[in-house]
Amino acid sequence: MSNSINLITPQKEGLERRQRTVKILRIISISFLLATFLLSLILFIISSRLSISDIKKQENSASDSLGLVHNKFAKLILVKDRMDNIQIIIKQRKNYQNLINSILKVVPQDSSINSLGIEKDKITLIVSSPSLLSINKFLDDIVTFSKNKKVINNVIINSLTVDQGLGRYILSVGGDIPQ
Amino acid sequence: MNKKVNIDLNTITTLYQRYKDYALPVGVIFVCFIIFVVLILPQVQSLLSASQEEKLELSKLSVLKNNLNIITTTNDSFLDSELNVLSQALPPNKDFTGILDAISLSANKSGVSLGQFEFTVGDLSKVSPQVRGFTTLEIILSINGGITGLTSFLDQLSKTLPLSDVVSIQTTDKFSTITLAFYYKSFPPVGSGDTFPLVGLQNINPSLFKQIASWQSQGALTPGTNSGASSSASKSSSF
């Protein structure tokens, strides 16, 4: 039996291919048509829903109403401004009372503070005592403050002298006040 | 090499007859493509920008409505009293009377007597000294009291209006000299910008306001409390 017999003529084959191509083209064109129609419809719906002029009308009306109470509006802004600034000031300002009280607590009973100076976050202290042991204890406590970075930082002993007339040791120390 | 191509009606008719099945779908695809490029794409772009504009306008409207709501629900007299208290705490200009009242009241409460005090107003043409970014009016004050009196005075002063800060302290066992900086700040310009979002009074730090109001009520001077005011006041500069 011969296998080379071809009942479909080449002309018929070409016609079938052509019909297939036309079919595909038609499907694509219909898809394009539908997509264009749908997109146009969606755009129309979206654009009809956008109503900026309406919003602007409402804005103008609200703005007019606010214009009538502008005085109150200004007062509210001023209150907010004062409050914000006051909050910053209270947060930032130094509480030197606590610092001085903390130092007073560590001054031994037989000792006294001759002078205390605070300027630009620096503190200087002059303490006098009849006992060198008390001076030593005071210094220890101040150094502990410095180590804990509380009250005073970077303690420096400026001088330690003896007033023989009064019979007292006079210690001068300085340091930084922590920020 | 020039090759002449003759296209006559006959040729066109033949070509059409041969490819007429393709003509309609290709034509439709072409027209759809043109519509997409010429009409739909620009429309999409304009819609996007319009939608952004709408969002912006809506947020503006929301701010305006919120502002209107806040203003209508705010009690005017309460607003006035709040602004008054806060302006005492942080005056819009140099409040000499308030400062002298605060000093004498603090001295009275802490049981110290005042020595000389001196305002350092400085050159009026120049900017006032600033402490932590705020304009201040400095005053140098002598107190007849040692460290205990000084701490008590400072404690009272920290709870008195107008708000102040300590610039420097020099104290011995009997006398103290302190430099105080009293804060003040001018009011900001309030334009007609309705779209500036307001905050309701109940949301502006009510606890801080209570604290300041309590300081103000403590500081209300009653006749006869002004003991330190008899101290001699000297001014370093004319004001």
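Residues numbered from 1 in each chain as written. Chains lettered and ligands numbered in written order. Predicted model: local features only at pLDDT ≥ 70, side-chain atom pairs only at ≥ 80, totals over all residues.

### Comments concerning the overall build of chain B
Tallying secondary structure elements over chain B gives 5 helices and 6 strands in all. Helices and strands in chain B line up, N terminus first, as α-α-α-β-β-β-α-β-β-α-β. The buried share of chain B, reckoned over its 239 residues, is 28%. Summarising the internal contacts of chain B: among those between residues at least 6 apart in sequence, 76% fall at separations of at least 24. (Helix = DSSP H or I, 4+ residues; strand = E, 2+ residues; numbered from the N terminus. Buried ≥ 20, exposed ≤ 12 C-beta atoms within 10 Å, placed from the backbone. Contact = placed C-beta atoms within 7 Å.)

### Quick look at the confidence of the model for chain B
Residue and element names in this part refer to chain B. Per-residue pLDDT for chain B has a mean of 79; in total, 80% of the residues score no lower than 70. Ignoring residues within four places in sequence, the model shows residues 221–239, a span with pLDDT below 50, making 33 contacts including any to other chains. On the interface metric, ipTM, the complex scores 0.71, and its pTM is 0.70. (pLDDT = per-residue confidence, 0-100.)

### Structural notes on the domain arrangement of chain A
Note on interface size: it is often stated as the accessible area lost on association of the parts. For chain A, the domain assignment lists domain 1 (52–92) and domain 2 (96–176). For domain 1 of chain A versus domain 2 of chain A, the separation of C-alpha centres amounts to 53 Å. (Domains from an automatic or database assignment.)

### Re the environment of A:Lys94
Tracing the sequence through the fold places A:Lys94 in the loop between α3 (70–92) and α4 (96–106). Note on A:Lys94: 17 C-beta atoms within 10 Å, which makes it partly exposed. Between the alpha carbons of A:Lys94 and A:Ile177 there is a distance of 9.8 Å; along the sequence they are 83 residues apart. Those residues in contact with A:Lys94 that sit more than four places away from it in its chain are B:Asp165 and B:Val166.

### A look at the interface of chain A and chain B
Facing 56 residues of chain A, the contacting portion of chain B comprises 65 residues. When residues of the side of chain A that touches chain B are traced back to their parent elements, those giving at least two are α1 (10–49), α2 (52–68), α3, α4 and β1 (112–119) of chain A. Top element by residues in the side of chain A that touches chain B is α3(A). It accounts for 17 residues. In terms of residue class, the side of chain A that touches chain B is made up of 29 nonpolar, 16 polar and 11 charged. (Nonpolar A, V, L, I, M, F, W, Y, C, P; charged D, E, K, R; others polar.)

### A word on the nonpolar core
By size, the foremost hydrophobic cluster in this structure holds 64 residues, and its most contacted members are A:Ile86, B:Leu90, B:Leu180, B:Phe182 and B:Tyr183. The greatest single-element share of this core, amounting to 6 residues, is contributed by α3(A). Those residues within four positions of B:Leu180 in sequence are excluded, and the remaining contacts are B:Glu138, B:Ile139, B:Leu141, B:Ser164, B:Val166 and B:Val167. (Core = buried A, V, L, I, M, F, W, Y, C linked by C-beta atoms within 7 Å.)

### Concerning the pairing of strand β4 (residues 164–172) of chain B
Here 5 bridges tie β1(A) to β4(B), and the two strands are oriented antiparallel to one another. The residue of β4(B) that forms the bridge with A:Ile118 is B:Ile169. Relative to strand β5 (residues 176–183) of chain B, β4(B) is paired through 7 bridges, and the arrangement is antiparallel. Each bridged residue has a counterpart across the sheet, and for B:Val166 the counterpart in β5(B) is B:Leu180. Two successive antiparallel strands, β4(B) and β5(B), enclose a turn made up of 3 residues. (Pairing = 2+ DSSP bridges.)

### Looking at the packing of α2(A) against helix α1 (residues 9–73) of chain B
Packing of α2(A) against α1(B) brings their axes to within 9 Å, and their N-to-C directions diverge by 25°. When the axis of α2(A) is compared with that of α1(B), the two are roughly parallel. The chirality of how α2(A) crosses α1(B) is left-handed. Two secondary-structure elements touch here, α2(A) through A:Ile52, A:Ile55, A:Lys56, A:Gln58, A:Glu59, A:Ala62, A:Ser63, A:Ser65 and A:Leu66 and α1(B) through B:Ala50, B:Glu53, B:Glu54, B:Glu57, B:Leu58, B:Lys60, B:Leu61, B:Leu64, B:Lys65, B:Asn67 and B:Leu68. Tallied by class, the residues present in the contact of α2(A) with α1(B) amount to 9 nonpolar, 4 polar and 7 charged. (Axes fitted to C-alpha atoms, helices over the stretch in contact; angles between N-to-C directions. Parallel < 35°, antiparallel > 145°, perpendicular 65-115°, else oblique. Left-handed = near helix turned anticlockwise from the far one by under 90°.)

### Considering α4(A)
An α-helical turn contains 3.6 residues, so any two residues separated by three or four positions project in the same direction. For α4(A), the complete set of buried residues consists of A:Tyr96, A:Leu99, A:Ile100 and A:Ile103. Within α4(A), the buried residues cover an arc of 95° as seen down the axis, which keeps them to one side. Contact partners of the buried residues in α4(A): β1 and β2 (122–129) of chain A together with α4 (147–158) and β4 of chain B. (Arc of directions from axis to C-beta.)

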